[in-house]
Amino acid sequence: MELATSAKSLTKDTADFAKSAVMTKLFKAPTSESAILWGLLHIKIVRCKNLRNLDKLGLKSLIVKRKKDLSDPYVTAWLEDYRLLKTRFVDDDLDPVFDEEFYCPVAHVTEGIKFKVKDKDVVKDESLGTYFLPVQELIQMNEDGDLQRVGVHKVVYLDGKKSHGSLEFFVEFLPVRMLAHTMEVPGVYFKQTKGNDVKLYMNADDDGSAPIVTYGEDAKVWKPPRLWRDIYDSICSAKHFIYMAGWSFDIDQYLLRGEDLKEAERLSSYPAKLGDLLLKKSEEGVVVNLMQWDDYSSNFAFPGMMGTYDEKTREFFQGTNVNSMFMSMEGGDVNTIFEGQNKKMAFTHHQKFIMMDTPKKNGDGGKELLAFVGGIDLTEGRWDNRKHPLFRTLQMNHKGDTYGKCFRVSKENGPRQPWHDIHSSVRGPEALDLIQAFSERWTKQAPQLVGELVNLHRIGLGDATTLENDGGWYTQLSRSIDSRVNAFDVSVKQSFQNIKIDQMGAFGWTSASDKKAEKSRRFVTNSNSLLSYNRCLDQKKGRLVDTSIHMTNIHHIRRAKHFIYIESQYFMGSSFMWSNSSERDVKCHNMVAAELTMKICDKIAAREPFAVYILLPMWMEGIPDAAATQGLLYWQRVTIEAMYQKVHEALQSRMANSPDHGLKVSDYLNFYCLGTRETSEGSQATGVPTTEDEKLLAKTRRHQIYIHSKMMIVDDEVCLIGTANINQRSLDGCRDSEIMMTSWQPDHLASEKSIAHGDIHAYRLHIWASITDQMND
């Protein structure tokens, strides 16, 4: 027994040494003052006092006549070039009270947090003072070598000078080991719902030709659902309302193709063309509310740079019973005129979701709510299946729908652009949250038509409990959106709590020496018992921001035990870890790449197997050699390069400090893109190739399969599907509006030894079998 105990102890000591060596090597500090912060920073900016007045001779006093003209202070906090937070500015106040809280996930090597107090001005904001909090004040380990939770409360003199005024703040650091223990993401706007029934879709149509997938102990067979078929049937069956939000709608798109279309034309009373179908439903008395992004570059004479058909849709539904609203992104009160116009031009409403009432799935004659959410717009070029034809369907299923933006080709000559995408649907209480998300946008940007929103209680569909079904799914909704274009629920805003810093005294405050501080104290604890999120929305410049998609991605990456599978149209971010230090101030700070890297390296250090698979397009839409396309590819390359370098360094350190040898980056991290080709047999191209691209493609008959998906699967236990790409404009919260639904089956969760084997497992296998045309264990 003693020998066994000693051997076990020796093994653990060796493993701990190896892990420590790997992480030290991987995140080697640029200076001796640096350390790793991986977890959560909870920061409260309380107030400033006795600030200097920099406005008494400022430009503002010359432009606007005012009784008083004082500094207009605001506060930012930084980890090197990474901005953690920005408060609102307080007009004309040398003793501003902010009382603003921020919850900031971090995965950084840093020397500390720099607080900057600035005076907002007409031409250029001026510094009122700074304070630097060394990272070492937030780092404390227990006897086992685990990081502890550390809180710091200070009233500090700006620039170390009492004459420059003071800043009061509270910061606590919670290491990652204290976080992400639940399936539900804490501290976000929408809570988890239970009693749902979820469907997972691949492509607009899934023709059933993929290899058969069996799964589970009872060898169930995965039956792939068909998205556009289901959407058509659901719209046809709606009796009370249909809500639709999208980046683009093409009213001339047929939701059915081939034999399905012929059958509908012969037997159905409803047309398969989208615009005609919605008109017919509205004429039956069904409330049809449609929100489409208003492309600021489009007008009656020009279709716009993005080709979203907003002007065609506007004209088609004008004067009809369909309530069609076209909404641009908007600037706010703190934006200049230029910033407001740039917001409209540069950013989009990118959410894509549909809701309606529908007959109950169990066929008992009742009704329930059904919602669809994911990456597929009902517009040109999206209808496709796993066969991804190039030339062979130009006069059949893709007649009038020959879409291509990757080469200079005509619709007559082709090829069409193959389209791979992901979507989901849900019956049950989760649909109420999706309807709320729709209603909040509608209320903010179409206030004149608020009366067109259906009272769900009047039609017996407003109670979450009665909407629960036996589908066995839990779900949670998340978004990227801010208060400039969304009317957040007043009751939610009223539930925000104002943390009392003295409450943290339960952990035992101790004084901390700081010559630049009027007051300085801290606590250290191993407990996360008082960890609570006092607000469920972020803040930026005083406006409310929902960044829950970003938080949800981080949460589930941190929970991962075995593998992560991602499909995304874009993959760029975590600029603070890019190799070229001169590029780290690029505003592409989302943390997905950094979190994936930290997770992989933590597993490498622990000598545990782990894999990340990421599927991307070969290049983003656009001509490959165009400057815009090359620019996007460059930022994507530096993101991937930084990940590879960190993983490579971790592997090298592990092999130097353990018996392991021959390890490669591809054992842990892999990126893929897809292509297809077809012979000339059966080609339905009708023209003669004229452009160089057409001539080349007519010869090679090859094309990338365009990956438009926005999905993450973790350990086959949880699936994140929505509209957000892995880039800053999707995850920022103040750029593109996005929506995402996270789904899991509590009866099918992963363990420390095994992935889950429920429907998400079968869905992921179906995707891989469809791509590879084979199925084996």
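Data block above holds the structure.
None of the values given here were measured: they were computed from a predicted structure.

Visitor: Explain the sheet that holds strand 8 (residues 166-175) to me, and be specific about the residues and the numbers.
Guide: A sheet is described by the order of its strands in space; here six strands give the open sequence 4-1-8-7-21-20, paired in antiparallel fashion. Taken across any chain shown, the strands that pair with only one partner, and hence form the sheet edges, are strand 4 (97-110) and strand 20 (510-511). Direction of pairing for strand 7 (residues 149-157) relative to strand 21 (residues 517-525): antiparallel, over a ladder of eight bridges. Bridge pairing in strand 21 links Val155 to Lys519. Contacting strand 1 (35-49) and strand 4, helix 11 (residues 548-559) runs over the sheet at an angle of about 45° to strand 4. Strands strand 1 and strand 4 of the sheet are contacted by helix 12 (residues 592-605), whose axis makes an angle of about 135° with strand 1.

Visitor: With reference to specific residues and values, describe the environment of Leu138.
Guide: In this fold, Leu138 is placed in the loop between strand 6 (126-134) and strand 7. For Leu138, a relative accessible area of 1% corresponds to the buried category. When sequence neighbours within four positions are dropped, the list of residues in contact with Leu138 reads Leu41, Ile113, Leu133, Val150, Val152, Val171 and Phe173.

Visitor: How would you sum up the packing of aromatic side chains? Please name residues and give values.
Guide: Scanning the model with the defined rule gives 28 aromatic pairs in all. Ring centres 6.4 Å apart and planes at 40° place the aromatic pair Tyr201 and Phe372 in the tilted group. Of this pair, Tyr201 sits in strand 9 (residues 193-202) while Phe372 sits in strand 16 (residues 367-374), and the two are 171 residues apart along the sequence. One aromatic cluster is present, built from ring pairs that chain together Phe241, Tyr243, Phe353, Phe438 and Trp442. Positioned above the aromatic ring of Phe89, the side-chain terminus of Lys120 is 5.7 Å from the ring centre. One cation-aromatic arrangement involves Arg382 over Tyr403; the distance from NZ or CZ to the ring centre is 5.4 Å.

Visitor: Provide a residue-level description of helix 6 (residues 310-317), including the pertinent values.
Guide: Those residues of helix 6 lying buried are Asp310, Glu311, Thr313 and Phe317. Axial view of helix 6: buried residues confined to an arc of 165°, hence all on one face. After helix 6 finishes, the residue Gly319 shows a positive phi value of roughly 80°.

Visitor: Any chance you could break down unusual backbone geometry for me, citing the residues and the numbers?
Guide: Cis peptide bonds are those with omega within 30 degrees of zero, and the linkage from Gly414 to Pro415 qualifies with 0°. Structurally, Pro415 is set in the loop between strand 16 and strand 17 (419-420). Phi at Asn203 is positive, roughly 70°, even though this residue is not glycine. Tracing the backbone through its elements, the reader meets Asn203 in the loop between strand 9 and strand 10 (214-215). Within the chain, Arg701 stands out as a residue other than glycine whose phi angle is a positive 55°.

Visitor: So, the side chain of Arg382: which residues are in play, and what are the values?
Guide: Relative to the elements of secondary structure, Arg382 occurs in the loop between strand 16 and strand 17. With no salt bridge to any partner, buried Arg382 finds its closest opposite charge in Asp377, at an N-O distance of 4.5 Å. At 2.9 Å, the side chain of Arg382 forms a polar contact with the backbone oxygen of Glu380. Apart from residues lying up to four places away in sequence, Arg382 is in contact with Ala204, Trp228, Trp247, Ile376, Asp377, Tyr403 and Trp419.

Visitor: Describe the side chain of His550, and please don't skip the residues or the numbers.
Guide: Structurally, the position occupied by His550 is in helix 11. Its relative accessible area of 10% is what places His550 among the buried residues. Among the polar contacts made by the side chain of His550, one reaches the main-chain amide nitrogen of Met591 at a distance of 3.0 Å. When near neighbours in sequence (up to four residues on either side) are disregarded, His550 contacts Asn590, Met591, Val592 and Leu731.

Visitor: Outline the packing of helix 3 (residues 227-237) against helix 5 (residues 274-283), listing residues and values.
Guide: Following both chains from N to C, one finds helix 3 and helix 5 inclined at 20°, their axes separated by 10 Å at the closest point. By the angle between their directions, the pair helix 3 and helix 5 is classed as roughly parallel. With respect to the hand of their crossing, helix 3 and helix 5 are arranged in left-handed fashion. Within the contact between the two elements, helix 3 uses Tyr232, Ile235, Cys236 and Ser237 and helix 5 uses Leu277, Leu278 and Lys281.

Visitor: Explain the pairing of strand 26 (residues 669-672) residue by residue, including any values.
Guide: Within a regular beta strand, the side chains point alternately toward one face of the sheet and then the other, so they alternate between its two faces. The pairing of strand 25 (residues 611-615) with strand 26 spans four bridges and is parallel. The residue bridging Tyr613 from the neighbouring strand is Asn670, located in strand 26. A crossover connection joins strand 25 to the parallel strand 26 through helix 13 (residues 627-656); in handedness this β-α-β unit is right-handed.

Definitions and cut-offs
Residues numbered from 1 in each chain as written. Predicted model: local features only at pLDDT ≥ 70, side-chain atom pairs only at ≥ 80, totals over all residues. Heavy atoms only, no water. Pairing = 2+ DSSP bridges. Helix = DSSP H or I, 4+ residues; strand = E, 2+ residues; numbered from the N terminus. Contact = heavy atoms within 4.5 Å. Axes fitted to C-alpha atoms, helices over the stretch in contact; angles between N-to-C directions. Buried < 20%, exposed > 50% of the residue type's maximum accessible area, 1.4 Å probe, protein only. Phe/Tyr/Trp six-rings, centres within 6.5 Å; stacked < 30°, edge-to-face > 60°. Lys NZ or Arg CZ within 6 Å of the ring centre and 35° of its normal. Arc of directions from axis to C-beta. Lys, Arg positive; Asp, Glu negative; His and termini not counted. Salt bridge = Lys/Arg side-chain N within 4 Å of Asp/Glu carboxyl O. Polar contact = N/O pair within 3.5 Å; in protein donor to acceptor, adjacent residues only side chain to side chain. Parallel < 35°, antiparallel > 145°, perpendicular 65-115°, else oblique. Left-handed = near helix turned anticlockwise from the far one by under 90°. Right-handed = clockwise from strand over helix to strand, strands pointing away.

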